[in-house]
Amino acid sequence: MPAAKQAQPKDNRIRILLVDDHAVVRFGIAQLINQQSDMVVCGEEENASRALTAIATLKPALVIADISLKESSGLELMRNIKAQYSGLPVLVVSAHDESIYAEIAFRAGALGYLMKESALDKVVIAIRRVLSGNIYVSEALGARMLQQQVKGQTDIHQSPVKGLSDREMEVFQLIGQWKKTKEIAHELHLSVKTIEYYREQIKHKLNLKNSSELTHYATSWVQREQPA
């Protein structure tokens, strides 16, 4: 008679899904996570639609995502996760300036924000903080946010871009990546007319005269904010 099959031991490690359009970044973060005895990377994706499919099939306990993804928006992914998987925490690991994007990410549904330059040292700490149900931000950003909340103080030298709404910021960033109105509408799942409206609002808020000034301002800003 054939030998009875032995039951495989259940894997109780914390399952984490990585969503980033840079394979090198995913590899580095995965190495750090998989070194932990109680954590494992259960999957990796580079765009929002595939990430949502992976969440449904892999059932991770945490999603680590970037703001910018391949052919999609990380912020839109966070909004969809918040709507469809309300109990699933998201930790943002991004090169985007935390002073501008952290608050936007939190409103989209994230529980933590970590700059990529600090990821090697802080990602495991951030993961455990978020999994415990707490917010994770850098010490510098936490102090700034607390100061603004308690004393109502704001930085008079902060970028005018801070005055844009979350959607306007997404549109502004995509303009800075040389994307046309139709491309932006497709990526954000909005109508062309809606994108045109946002473009006008952005020009008004940034005191720009025309589309050429908007494109130049946006591309210059993106290049400063995401140096090569």
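If you're wondering where the values come from, they're calculated on a predicted model, not measured in any experiment. One numbering rule holds for all chains: residues counted from 1, following each sequence as written. pLDDT decides what is reported in this predicted model: residues at 70 or higher carry local features, side-chain atom pairs at 80 or more are listed and counted, and totals for whole chains, interfaces and linings draw on all residues regardless. Side-chain metrics in this entry use all non-hydrogen atoms of the structure; hydrogen atoms and water are not considered.

> Just to check I follow, could you spell out the nonpolar core for this structure?
The biggest cluster of nonpolar side chains holds 49 residues, and the ones touching the most others in it are Val63, Leu77, Met78, Tyr113 and Phe172. The way it works is that DSSP assigns letters per residue, a run of H or I at least four long becomes a helix, a run of E at least two long becomes a strand, and they are numbered from the N terminus. Here this core gets 7 residues from one element, more than from any other, and that element is helix 4 (residues 98-108). Each nonpolar core is a collection of buried residues, namely Ala, Val, Leu, Ile, Met, Phe, Trp, Tyr and Cys, held together in the definition by side-chain atoms within 4.5 Å. Relative accessibility under 20% of the residue-type maximum defines a buried residue, over 50% an exposed one, and the middle range a partly exposed one, all with a 1.4 Å probe and only protein chains included. Counting 20 residues, the second largest nonpolar core, distinct from the first, contains Ile16, Ala30, Val93 and Ala126.

> What am I meant to see in the packing of aromatic side chains here?
To describe a pair of aromatic rings, one takes the distance between the centres and the angle between the planes. Here a Phe, Tyr or Trp ring, Trp counted by its six-membered ring, pairs with any other such ring whose centre lies within 6.5 Å, and the pair is stacked when the planes are under 30 degrees apart, edge-to-face when over 60, and tilted otherwise. All told, the structure shown has 4 aromatic pairs when counted by the stated rule. On the basis of an interplanar angle of 55 degrees and a centroid distance of 5.8 Å, the ring pair of Tyr197 and Tyr198 is categorised as tilted. Given a relative accessible area of 17%, Tyr198 falls into the buried group. The rings of Tyr101, Phe172, Tyr217 and Trp221 are connected pair by pair, giving a single aromatic cluster.

> Explain helix 9 (residues 192-205) to me, please; I cannot follow it from the model alone.
Helical geometry: 3.6 residues make up each α-helical turn, so side chains three or four residues apart lie on a common side. One less than the residue count of a helix, multiplied by 1.5 Å, gives the span that helix is expected to have. When the terminal C-alpha atoms of helix 9 are compared, their 20 Å separation across 14 residues agrees well with the 20 Å that a helix rising 1.5 Å per residue should span. For helix 9, every residue scored as buried is listed here: Ile195, Tyr198, Arg199, Ile202 and Lys203. The buried side chains of helix 9 occupy one side of the element, clustering within an arc of 140 degrees when seen end-on. Exposed and facing more than 90 degrees away from the buried side of helix 9 are Lys193 and His204. Note on helix 9: the residue one or two positions beyond its end, Asn207, has a positive phi of about 60 degrees. In this context, the arc is that of the directions from the helix axis out to the C-beta atoms.

> Would you mind showing me how to read the pairing of strand 1 (residues 14-19) here?
Along a regular strand, successive side chains alternate from one face of the sheet to the other. Pairing between strands is defined by DSSP: at least two bridges between the two strands are required. Strand direction decides the pairing type here: strand 1 and strand 2 (residues 39-45), joined by 6 bridges, are parallel. Residue Arg15 lies in a different strand from strand 2, and its bridge partner there is Val40. Seen with its strands pointing away from the viewer, a crossover is right-handed when the path leading from the first strand over the helix to the second is clockwise. Handedness of the crossover is the feature at issue here: the chain leaves strand 1, passes through helix 1 (residues 23-34), returns alongside strand 2, and the resulting connection is right-handed. Direction of pairing for strand 1 relative to strand 3 (residues 62-65): parallel, over a ladder of 4 bridges. In the strand pairing of strand 3, Ile16 is matched with Leu62.

> Explanation requested: the sheet that holds strand 3 in the structure shown.
Sheet strands associate in pairs through backbone hydrogen bonding, adopting either a parallel or an antiparallel arrangement. Read across the open sheet, the 5 strands follow the order 2-1-3-6-7; overall the sheet is parallel. Each edge of the open sheet is held by one strand with a lone partner, namely strand 2 and strand 7 (112-115). Across this sheet, the average inter-strand angle for adjacent strands is 25 degrees, counted without regard to direction. Contact criterion: two residues are considered in contact whenever any of their non-hydrogen atoms come within 4.5 Å of each other. Only the stretch in contact is used when fitting a helix axis, every axis being a line fitted to C-alpha atoms; angles between N-to-C directions are given from 0 to 180 degrees. In the packing of helix 3 (residues 74-84) onto the sheet, contacts are made with strand 1, strand 3 and strand 6 (90-94), and the angle to strand 6 comes to roughly 175 degrees. The strands that helix 4 touches are strand 6 and strand 7; relative to strand 7, the one it contacts most, it runs at about 155 degrees.

> I tried to follow empty space enclosed by the protein on my own but got confused; where do I start?
Rolled over the atoms, a probe as big as a water molecule pinpoints where empty space is left. Buriedness of a pocket was judged along seven lines, with at least five required to meet protein on both sides within 12 Å; pockets are open sets of points on a 1 Å grid over the protein atoms alone, cavities are sets where a 1.4 Å probe fits but cannot get out, and lining residues have an atom within 4 Å of a point. Grid points are joined across faces, edges and corners, and a volume is the space filled by probe spheres set on the points. In total, this model carries 1 cavity of 30 Å³ or more according to the counting rule given. Looking at the largest cavity, its volume works out to about 40 Å³. Forming the boundary of the largest cavity are Leu18, Val19, Asp20, Val25, Arg26, Ile29, Ile64, Ala65, Asp66 and Val93. Taken together, the elements giving at least two residues each to the lining of the largest cavity come down to strand 1, helix 1 and strand 3. Top contributing element to the lining of the largest cavity by residue count: helix 1, with 3 residues.

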